[in-house]
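# Descriptive analysis of the structure
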Amino acid sequence: MSLNQSEQMVFEYVQGHAEERQHWQEKVRQIVRVARDPHVAASSVEAELWRYYRERAGVVREFKQAVAQDGSKRVSLRSLAEYWIRVWCVPKPRSRPPQPGAGEGVML
């Protein structure tokens, strides 16, 4: 997976701060639990990440510098949202339709 510069900055910041990582793990898990659709969950996590990015830009040097350099235009954080969903959430089991002949012995 490839993250853009903004996603990489958020990822490294959160990984470097245990309390932030724990907060985001719980937030992502909660969003996934509530969402009925994986695309909706990813969009919701991305929206939360954007709010977080903007908030951090007011107080964290690296974020301030990024905004000063790139401006305050909206950047995509979707890949990071999808990545965190994959690594922090237990996938919902898919129900498979029964296979014809499943459970029957093979006759020779």
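Residues numbered from 1 in each chain as written. Predicted model: local features only at pLDDT ≥ 70, side-chain atom pairs only at ≥ 80, totals over all residues. Heavy atoms only, no water.

## Comments concerning the packing of helix α1 (residues 5-15) against helix α4 (residues 61-70)
Close contact between α1 and α4 brings their axes to 11 Å; oriented N to C, the two are set at 170°. Regarding the angle of α1 to α4, the classification is roughly antiparallel. In this structure, α1 uses M9, V10 and Y13 to contact α4, whose residues at the interface are E62, F63 and A66. Looking at the contact of α1 with α4, its residues break down into five nonpolar, no polar and one charged. (Axes fitted to C-alpha atoms, helices over the stretch in contact; angles between N-to-C directions. Helix = DSSP H or I, 4+ residues; strand = E, 2+ residues; numbered from the N terminus. Parallel < 35°, antiparallel > 145°, perpendicular 65-115°, else oblique. Contact = heavy atoms within 4.5 Å. Nonpolar A, V, L, I, M, F, W, Y, C, P; charged D, E, K, R; others polar.)

## Looking at the environment of D70
Turning to its location among the elements, D70 is positioned in helix α4. A relative accessible area of 35% places D70 in the partly exposed class. Along the sequence, D70 and S6 sit 64 residues apart, while their C-alpha atoms lie 10.0 Å from each other. (Buried < 20%, exposed > 50% of the residue type's maximum accessible area, 1.4 Å probe, protein only.)

## Quick word on the environment of R78
Inspection of the secondary structure assignment puts R78 in helix α5 (residues 78-88). Sequence separation between R78 and E46 is 32 residues, and the spatial gap between their C-alpha atoms is 5.4 Å. When neighbours within four sequence positions are excluded, R78 is seen to be in contact with E7, H39, A42, S43 and E46. Among the polar contacts made by the side chain of R78, one reaches the side chain of S43 at a distance of 2.9 Å. (Polar contact = N/O pair within 3.5 Å; in protein donor to acceptor, adjacent residues only side chain to side chain.)

## Observations regarding helix α3 (residues 38-56)
For α3, built from 19 residues, the straight-helix expectation of 27 Å at 1.5 Å per residue is met to within 8% by its first-to-last C-alpha distance of 26 Å. Of the residues making up α3, those classed as buried are A41, A42, V45, E46, L49, W50, Y52, Y53 and R56. Between the side-chain oxygen of the N-cap and the backbone nitrogen of H39 there are 2.7 Å, and the N-cap of α3 in question is D37. (Expected span 1.5 Å × (residues − 1).)

## Points about the pattern of salt bridges
Considering all chains together, one arrives at seven salt bridges under this definition. Across the pair R74 and E46 runs a salt bridge whose closest N-O atoms are separated by 3.8 Å. Highlighted residues: R74 in the loop between α4 and α5 and E46 in helix α3, separated in sequence by 28 residues. A salt bridge links E55 to R56; the shortest N-O distance between them is 2.9 Å. Of the residues examined, E55 reaches a relative accessible area of 40% and is grouped as partly exposed. Judged by relative accessible area, which is 13%, R56 ranks as buried. A cluster of three or more residues bridged by salt bridges with shared partners is formed by K27, E48 and R51. (Salt bridge = Lys/Arg side-chain N within 4 Å of Asp/Glu carboxyl O.)

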